[in-house]
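An overview of the molecular structure
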Amino acid sequence: MSTRLQQHIIPATLVLGLALTVAVLSFTREPAESFLFPRLISVVMLLLAIWNFLRAILGLAKVGTGVSAATFKTIAPGVLVMVVYCFYAAKTLGFYVAGTTAFFVLYSWYDAHSHKALSSWVRRIVVTAVFMAVIYGLFSLLLKVQTPRGMFL
Amino acid sequence: MEFLQYFGGVFEPMAFLLLVGGTIGGLILGATPGLSPTMAVALLIPFTFQLTPVHGLILLGAAYTSTVAGGAVSAILLKIPGAPANIATALDGFEMAKKGEGAKALHVSFLASGIGGVIGVLLLIFLTPVLAEWALAFGPSHLFWMAILGVTVIGSLDSKSFVKGLLSGCIGLWLSMIGYDDIQGAERFIFHDALTGGIHIIAALIGIFAIPQVIEMFSKGRQSADVQVVTIQKQSFADSLKILFARKKALCIGTVTGSIIGLIPGVGGQIAGLLAYDQAKKFSADRDTFGTGNPTGVIAAESANNAMVGPSLVPLLTLSIPGSPTAAVLLGGLLIHGIFPGPDLFTNHPQVAWTFINSMLIGQILMVIFGLYIAGYAARVARIPPAIMAAAVLVLAVFGSYSVQQSMGDVYVMVSLGIGMYFLEKSGFSAAPLVLGLILGPIAEANFIQGSMIANATDGATQYFLTGTLNLFLIVLVILSIGYSFWSSRSSKVAS
Amino acid sequence: MKKLLKSLLVPAAIAAATVTGPVLAEGYPERPISVMVSYGAGGATDFQARIVTMVAGNEDQIGQPIVIINKPGAGGRVGWNWFATEAENDGYTLGAYNVPHFIAQSINGGVKYSTEEFEPIANWGSDPAVVVVGKDSPYNTINELLDFAKENPGKLTLSGAGLLVGHHIAALQIEKAIESKLAYIPTKGGGAAAMKAVIAGDVIGGINNLSDAFRASEAGSVKILAVADIQRNEEFLPDVPTLMEAGYDVDNSSVNFRGIMAPKGTPPEVIDMLAEKVPAMFENARIAKQMKAGGSPMKIMNRDEVLQMWSERQAYLTELLADLK
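Residues numbered from 1 in each chain as written. Chains lettered and ligands numbered in written order. Predicted model: local features only at pLDDT ≥ 70, side-chain atom pairs only at ≥ 80, totals over all residues.

1. Here's the deal with the overall build of chain B
Along its length, chain B carries 23 helices and 2 strands. The C-alpha atoms of chain B give 22 Å as radius of gyration, which agrees with the globular expectation for 496 residues (23 Å, within 12%). Its C-alpha atoms give chain B principal-axis dimensions of about 60 × 60 × 50 Å. Expressed as a percentage of the 496 residues in chain B, the buried residues total 69%. Residue pairs at least 24 apart in sequence account for 79% of intrachain contacts in chain B once pairs closer than 6 positions are excluded. (Helix = DSSP H or I, 4+ residues; strand = E, 2+ residues; numbered from the N terminus. Rg over C-alpha atoms; globule rule 2.2 N^0.38 Å. Buried ≥ 20, exposed ≤ 12 C-beta atoms within 10 Å, placed from the backbone. Contact = placed C-beta atoms within 7 Å.)

In structure tokens, the structure reads:
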């Protein structure tokens, strides 16, 4: 039951919630002409979400593996770094400093090589430096994209 | 045969150097997640200031041709389409790569692109006056029905679950409505300032495809360094050719669909690949193997998205109407050099016009040669450990989505959609219908509203949307497509 | 001794830095400057902005290259909203303005900008709106076309780039002048899509930019019937009458002025420096040649002239749009 709950029922409930919110918003906002299309789509979306929810409750839903607790534990640190990097660090620290840090932290965390040997740390630093140099060359020098500078660069 | 006189221009040292450079650069830019053809061409315009008009156009044309094909590389190896045009390529291409057939997928993809592309440019050379008439035949009501035809594909695009496929499409359609309504200017569903400009398709594409792949690589944890993202078996060129020519039907469907869609201003090449993929699937005897690594899918999608390149320039070169965002950027590039496209372009500036078109023809062939060469190196890309790959794709995704409009908001949208998509995919929803909804929503809505406004001033909506040969033809296609989806989902249920 | 010197020098240095502002501007610009265009790449505003800024990197001009970034959407609202709220006011992020578009939108409401939020630097071009019909259209003069509109209120479909842009303002002025209704059809794809609708015959006629219409008429796909300006355009369309000459009370309020501006709060010394250098840069012969080749009329105005033009437009548009509500 618990696997079915997290595999099918929770996602179906969340999607139903989204469809309801969209429908309520579409039908309460003005001007009506601008919301004609959203209204049309939200009705179809709501019907489909109810159908999907019923299938989940009745145990008819077959597709989808869900995310197991073990997988969740493995991805959590990575997703956390991703969120901090994108929503906070990139703008505050500057794109290149934040990118370098995120790359190094993620690479080191998920790297299979020894975390005690000096040689593997040297490799991590070298790979990070080379990759960021390529990124700098491509975006800053070649394409002249101006990235947020933040505190550093 | 006037164009033959101007072939010499392509092979002048400077012109040929630019052509080769533009092709290789385009392949690399196209393969970089986040750099779409439109962006690559826009970013290259400043370089053309220093060049003569002919040379500038050769560079832009070569980049346009090869970025479209280059997008297939990341679609196949990483399941990250470089541009909307390559979404359909990822569906079977990545499955092939997972089976170790990455090199095979890349080979057929470049060969199909080349063949589709050459035919597209030949259409541009020989049939421009006829095709221009065609391009103008599509008014708002027809474009609306075209978009609806695209929507009907949504249900059958996802082979796993009919309801979840449709629901994914609806979520995509809803996401496309976020931001200022383009015609009336009203605010819709703006929960955060980053959403005022709406969801940019490229930022969404990066998030929806790249981020779930990154998280997927995280989920492997600290595995031994020998574990590769994908393994790549050696693939002989002759065998790839054999595979391609055993699937002539898919190649034809792709090329024809791509050429027609490319011609219609306002639809653009974004959906050519997906529609061709869907058609090839419907007409295929082994349609159940689509989505599990069938090369036919890759061939249909890639021949379509390169066949679209030539015809998409027809309205631009003859009528000065840019039919797609990339064509609009090319128009800017022409105007900067004082060249007005129009019917007399070929009489006033034959040198420029024909050299440009010829260079696209040669560019297609160069693209295949360099593409096949790159496919050989793809094995090395695949040997990169998941930890490095995940970190690299994430950093590229952030830089790529930021560069689209130099906006932090796009980065927030990209990563939020990406994390959401990871969990949605785990619950059986799929990315391709969602993106299709995101692309088609604005086309359907804008043309419906514009059509209704015209209809109100003339004969009324019924008359405007439901009469006329082209409208009726498209409506019949829509009905056939819906009927087919129901029939096939039923028959597959009976079979199981 | 060293300590004493330091204690004397440090406050002096701080004082110097705070009092003499230009110190800050002297280093400016030390890196490339970006100019935000609120329309898509390839559109008239975009390619003109690219032409007029192409010599910025020369030593005798600004000395740093100018990079164009596009933030299109909702007739320009997306880009200008971003510019008013998020653009950094350090002088490295400038924007392109389109008058009357942004002023009309700010009067209509629902946006986060107005003339108060922006600091003009200089104007580079003026592109009047023109009335066009397809090449096979039965209408050959503006009077024939508008007589149809007078007799059939709401039946004359005219395409334009969007709501509350110059084309729409021209349509509103025409409606007022003929005391009848038009069916103004805004398009999503900007001026190019509006022109396509005219050429393909989706609509009876259209209101479009002079530069785009000139190209289309050179290509033989449209007829230009009138210019919404106070005088004829001698350079490109000497034979096309103004609406005023044809007997309609429509002035130059819909003329699309394009220029460069900075966000509010940009250091005054940076604004002064740009206000001096940018109009001089627009005078460059190479720019003039490329603009003419692209069919784009130039009109160079300095900061004070633009400030005056903005306030005139603000007053007129407030009145025009108030009439409509």
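Back to the text.
2. Things to note about the confidence of the model for chain A
Summarising the model, chain A shows a mean pLDDT of 87, and 97% of its residues fall at 70 or more. Summarising per-element confidence for chain A, the mean pLDDT is lowest in helix 1 (residues 2-28) of chain A (85) and highest in helix 4 (residues 95-110) of chain A (94). (pLDDT = per-residue confidence, 0-100.)

3. Section: the nonpolar core
Grouped together as the largest cluster of nonpolar side chains are 336 residues, with contacts concentrated most on Ala-390, Val-393, Leu-394 and Val-435 of chain B. Ignoring anything within four residues of it in the chain, the contact list for Val-435 of chain B reads Pro-84, Ile-87, Gly-172, Ala-204, Leu-205 and Ile-208 of chain B. (Core = buried A, V, L, I, M, F, W, Y, C linked by C-beta atoms within 7 Å.)

4. Notes on the interface of chain B and chain A
Taken residue by residue, the interface counts 48 residues in chain B and 50 residues in chain A. If you list the elements that add at least two residues to the side of chain B that touches chain A, you get helix 8 (162-177), helix 9 (201-218), helix 19 (386-405) and helix 20 (408-426) of chain B. Looking at which element gives the most residues to the side of chain B that touches chain A, the answer is helix 19 of chain B, with 12 residues. Of the residues belonging to the side of chain B that touches chain A, the class tally is 31 nonpolar, 10 polar and 7 charged. (Nonpolar A, V, L, I, M, F, W, Y, C, P; charged D, E, K, R; others polar.)

5. Quick look at the packing of helix 9 of chain B against helix 20 of chain B
Packed helix pairs are characterised by how far apart their axes lie and by the angle those axes make with each other. Residues and elements named next belong to chain B. Taken N-terminus to C-terminus, the directions of helix 9 and helix 20 make an angle of 50°; their axes are 7 Å apart at the nearest point. Between helix 9 and helix 20, the crossing angle belongs to the class labelled oblique. Crossing geometry of helix 9 relative to helix 20 is assigned as right-handed. Taking contact as the criterion, the partners of Ala-203, Ala-204, Ile-206, Gly-207, Ile-208, Ala-210, Ile-211, Pro-212 and Ile-215 in helix 9 are, on helix 20, Asp-410, Val-413, Met-414, Val-415, Leu-417, Gly-418, Ile-419, Met-421, Tyr-422 and Glu-425. (Axes fitted to C-alpha atoms, helices over the stretch in contact; angles between N-to-C directions. Parallel < 35°, antiparallel > 145°, perpendicular 65-115°, else oblique. Left-handed = near helix turned anticlockwise from the far one by under 90°.)

6. Here we look at the domain arrangement of chain A
By the assigned domains, chain A splits into domain 1 (2-57) and domain 2 (71-142). Just the C-alpha atoms count here: the centres of domain 1 of chain A and domain 2 of chain A sit 37 Å apart. (Domains from an automatic or database assignment.)

7. Quick word on unusual backbone geometry
Here the residue pair Val-99 of chain C and Pro-100 of chain C is connected by a cis peptide bond, since its omega of 10° sits within 30 degrees of zero. Relative to the assigned elements, Pro-100 of chain C resides in the loop between strand 3 (93-99) and helix 5 (101-108). Within the chain, Phe-189 of chain B stands out as a residue other than glycine whose phi angle is a positive 50°. Position of Phe-189 of chain B relative to the elements: it lies in the loop between strand 2 (187-188) and helix 9. In this structure Phe-189 of chain B comes out as partly exposed when scored by C-beta crowding, with 18 C-beta atoms within 10 Å. With a phi close to 50°, Ala-74 of chain C is a non-glycine residue in the positive phi region. With respect to the element layout, Ala-74 of chain C can be found in the loop between strand 2 (66-70) and helix 4 (77-85). The buried category is assigned to Ala-74 of chain C, around which 27 C-beta atoms lie within 10 Å.

8. A look at the sheet that holds strand 8 (residues 205-209) of chain C
Across a sheet, strands are paired by hydrogen bonds formed along the backbone, either parallel or antiparallel in direction. The sheet built from 5 strands is open, its strands ordered 7-6-8-5-9 (chain C) with mixed pairing. Whereas interior strands pair on both sides, the edge strands pair on one side only; in this sheet they are strand 7 (183-186) and strand 9 (222-228) of chain C. On average, each strand axis in the sheet is inclined to that of its neighbour by 30°, with strand direction left out of account. Here strand 5 (residues 129-134) of chain C pairs with strand 9 of chain C via 6 bridges, running antiparallel. What sits directly across from Val-131 of chain C, in strand 9 of chain C, is Ala-226 of chain C. Seen against the sheet, helix 21 (residues 431-457) of chain B touches strand 6 (157-160) and strand 7 of chain C and runs at an angle of roughly 170° to strand 7 of chain C. Most of the contacts of helix 9 (residues 210-218) of chain C go to strand 9 of chain C, to which it runs at about 155°, and overall it touches strand 5, strand 8 and strand 9 of chain C. (Pairing = 2+ DSSP bridges.)

9. Quick word on the packing of helix 9 of chain B against helix 19 of chain B
Residue and element names in this part refer to chain B. In contact at an axis separation of 9 Å, helix 9 and helix 19 are set at 165° when each is read in the N-to-C sense. As summarised for this structure, helix 9 and helix 19 are arranged roughly antiparallel, according to the angle between their axes. Where helix 9 crosses over helix 19, the two elements pack in a sense that is left-handed. Between helix 9 and helix 19, the residues in contact are Ile-202, Ala-203, Ile-206, Ala-210, Ile-211, Gln-213, Val-214, Met-217 and Phe-218 and Pro-386, Met-389, Ala-390, Val-393, Leu-394, Ala-397, Gly-400, Ser-401 and Val-404, respectively. Of the residues belonging to the contact of helix 9 with helix 19, the class tally is 15 nonpolar, 3 polar and no charged.

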